[in-house]
Amino acid sequence: MNDFNNERSQIGVDASISRRRYVYPTWKSLIKGYIVEARKRNPEVFSESSRNLNEIFPPLDLVRKVASDREPSSLVHFLHNSTAHYNPRIALEEVMESFKRVSVRQNEFYAIFDFKQFSYCDVDKRITEILGIPPQDFNLAAMAGFDPSNPLFHHRDYNHLLRWSALTYYMLTINLFKWNSMEDQYRVKFRIGTSKSSISHYRDEEYATLEKLCFLYCDKVEDGESRPIYHFDKWLVFNKSEFDCVKPKWLSVPAREAHLNNFNYLIHAYLLDISAHHLLLLHLRQFHDRNKAIASAMNEMVYEATGIRMNVDEHQIGDCFAKTLRGKMSNLMNEWDKRGASDLEQIVSDAQAVEIAKTLGLLPIPDRLLTAILSSIT
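An account of the accompanying structure is given in this report. (Residues numbered from 1 in each chain as written. Predicted model: local features only at pLDDT ≥ 70, side-chain atom pairs only at ≥ 80, totals over all residues. Heavy atoms only, no water.)

1. Let's talk about the packing of aromatic side chains
Put simply, the rule reads: Paired rings are identified among Phe, Tyr and Trp, the last through its six-membered ring, by centres lying within 6.5 Å, and are further divided according to the angle between planes into stacked (under 30 degrees), edge-to-face (over 60) and tilted (the rest). Runs of E in the DSSP output that reach at least two residues are strands. Runs of H or I that reach at least four are helices, and both are numbered from the N terminus. Relative accessibility under 20% of the residue-type maximum defines a buried residue, over 50% an exposed one, and the middle range a partly exposed one, all with a 1.4 Å probe and only protein chains included. Here, a charge over a ring means that NZ of Lys or CZ of Arg falls within 6 Å of the ring centre while also lying within 35 degrees of the ring normal.
Within the structure shown, the criterion is met by 24 aromatic pairs. The interplanar angle of 85° and the centroid separation of 5.1 Å between the aromatic rings of Phe113 and Phe118 together place this pair among those described as edge-to-face. Where Tyr170 meets Phe263, the ring centres are 6.4 Å apart and the plane angle is 10°; that geometry is what we call stacked. In this pair, Tyr170 is assigned in helix H7 (residues 158-173) and Phe263 in helix H9 (residues 254-272), connecting sequence segments 93 residues apart. Neither residue differs from the other here; Tyr170 and Phe263 are each classed as buried. Of the aromatic side chains, those joined through ring pairs into one cluster are Phe109, Phe113, Phe115, Phe118, Tyr120, Phe138, Tyr169, Phe190 and Trp235. Here the basic side chain of Lys234 rests over the ring of Phe99, its NZ or CZ set 4.5 Å away from the ring centre.

In structure tokens:
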């Protein structure tokens, strides 16, 4: 189990990197620092009562449990423990009518998810025309692999999708952001099985790519408080070749969008527990093939951000990748992708380590967070 309580960690640059030791920021310190700065910049995005930042970390244990148990219905626990601020703003009848009526793309169908029942209460009949699947077969049990007769499950995507979904529910229910009905859009792509599709193209391909565009709707509930009661989803259908990796994105007004996506990245990196130092090296490996170039870029970036001359050399970079990072990324992928003993990821090259970091959603690092990491090194 990861230790989620260390406030700072003198990871340095490993024994394989340098005789000197440097203090890299922990994800917890980066998260707290980011929220403090972001609240000053855009106070309208955040809940006025969310001042105790330590309260945002314990619920991440539930994220880990949901991902470990592979049980999507466990997400409902986030709603029961919600402390977030919600504003309905729009009448439910108005939302229902306009949502079902407006469709501008040929490859699009809608679905409405009921939080209380934790299932889709309405699925557009156009799904049969577009994807070759009847509305009643489009459900969580099938996409989670719990229904062998309805194979919508994709074994390489589901575990990552569940992890990101748990983080989304976490963000929606902690007392940090203000949430207004239908204001923000959450997008995520993943693959589903189509071997039972009535459309020969998808049946032959065996898989299709879906992109979910999700809007949260909040309203008053029994206790008089506002809670999420539905999310309204637009689904776009693409060929399986359109898929890259499971990595979500928030869309909203510019300032708010940046804060949602940056915070989502930070808590995800915190959950996966990869050090900021190792992530910097993976970041640089994307652009440089030679260890000497990575060492030079690392020294230059840190000096520009902090005035510290690290003097990392190419041998230290090579040792860190070969002795530490390849194994670290193999272990992360095997853990979060739920690989079995006969299907374990074995990384034998730095390029593979970078691709795994992308698959896990650790790369690319958002520009503002890259700056925050570098400027926090001491």
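2. Here we look at unusual backbone geometry
The peptide bond linking Leu363 to Pro364 adopts the cis configuration, its omega dihedral lying at 0°. One non-glycine residue, Met182, adopts positive backbone phi at about 65°. Looking at the secondary structure, you find Met182 in the loop between strand E4 (178-180) and strand E5 (185-193). Overall, Met182 belongs to the partly exposed group, its relative accessible area being 21%.

3. Here we look at the pattern of salt bridges
Note the following rule: Salt bridge, as used here: a side-chain nitrogen of Lys or Arg that lies within 4 Å of a carboxyl oxygen of Asp or Glu.
Under the defined criterion, the tally for this structure stands at 19 salt bridges. Between Asp337 and Arg156 there is a salt bridge, and its shortest N-O distance comes to 3.7 Å. Here Asp337 is found in the loop between helix H12 (314-336) and helix H13 (350-359), whereas its partner Arg156 is found in the loop between helix H6 (140-143) and H7, with 181 residues between them in sequence. You can call Asp337 buried: its relative accessible area is 2%. The closest approach of N and O atoms between Arg339 and Glu345, which form a salt bridge, is 3.3 Å.

4. Let's talk about the nonpolar core
It is characteristic of soluble globular proteins that their nonpolar side chains tend to be buried jointly. Formally: Joining through side-chain atoms within 4.5 Å is the link that ties buried Ala, Val, Leu, Ile, Met, Phe, Trp, Tyr and Cys residues into a set, and such a set is a nonpolar core. Any two residues having at least one pair of non-hydrogen atoms within 4.5 Å are treated as being in contact.
Phe138, Phe263, Leu282 and Met329 are the most contacted members of the largest nonpolar core, which totals 116 residues. With ten residues, H7 is the largest single contributor of residues to this core. Sequence-distant contacts of Leu282, defined by excluding residues within four places in its chain, comprise Ile274, Phe321, Leu325, Met329, Ala353, Val354, Ala357 and Leu363. Leu92, Val95, Tyr110 and Phe232 belong to the second largest nonpolar core, which has nine residues in total.

5. A few points about empty space enclosed by the protein
Quick note on the threshold: Of the two site types, the cavity is a set of points on a 1 Å grid over the protein atoms alone where a 1.4 Å probe fits but cannot get out, and the pocket is an open set with protein on both sides within 12 Å along at least five of seven lines, each lined by residues with an atom within 4 Å of a point. Grid points are joined across faces, edges and corners, and a volume is the space filled by probe spheres set on the points. The nonpolar class holds Ala, Val, Leu, Ile, Met, Phe, Trp, Tyr, Cys and Pro. Asp, Glu, Lys and Arg form the charged class, and all remaining residues, Gly among them, are polar.
In total, this model carries two cavities of 30 Å³ or more according to the counting rule given. Space inside the largest cavity adds up to approximately 440 Å³. What lines the largest cavity is a set of 30 residues, and nearest its centre among them are Leu75, Ser165, Tyr169, Lys212 and His231. Take the lining of the largest cavity: its biggest share by element is seven residues, from H7. Split into classes, the residues belonging to the lining of the largest cavity amount to 23 nonpolar, four polar and three charged. Quantified by volume, the second largest cavity comes out at close to 50 Å³. Lining the second largest cavity, in full, are Met143, Leu152, His154, Asp157, Tyr158, Leu161, Phe190, Arg191 and Ile192.

6. Quick look at H7
For the record, the criterion: Helices are assigned an expected span. That span is 1.5 Å times one less than the residue count.
When the terminal C-alpha atoms of H7 are compared, their 22 Å separation across 16 residues agrees well with the 22 Å that a helix rising 1.5 Å per residue should span. Within H7, 16 of the 16 residues are buried, which leaves it mostly tucked inside the rest of the structure.

7. Things to note about the pairing of strand E6 (residues 207-220)
Going by this rule: Here the rule is simple: two strands pair whenever DSSP picks up at least two bridges between them.
Taken across its 14 residues, E6 has eleven buried, putting it largely inside the fold. Where E5 meets E6, nine bridges bridge the pair, whose relative direction is antiparallel. Paired with Val188 across the strands is Lys212, a residue of E6. Two elements, E6 and strand E7 (residues 226-239), share 13 bridges in a ladder whose sense is antiparallel. Pairing of Lys220 across the sheet is with Ser226, part of E7.

8. Here we look at the environment of Pro135
Structurally, Pro135 can be placed in the loop between helix H5 (126-131) and H6. Classification of Pro135 as partly exposed rests on a relative accessible area of 22%. Through-space distance from the C-alpha of Pro135 to that of Ala111 is 9.1 Å; in sequence the pair is 24 residues apart. Excluding anything up to four places from it in sequence, Pro135 contacts Val123, Asp124, Lys125, Ile127 and Thr128.

Scope: geometric values only; no functional claims are made or implied.
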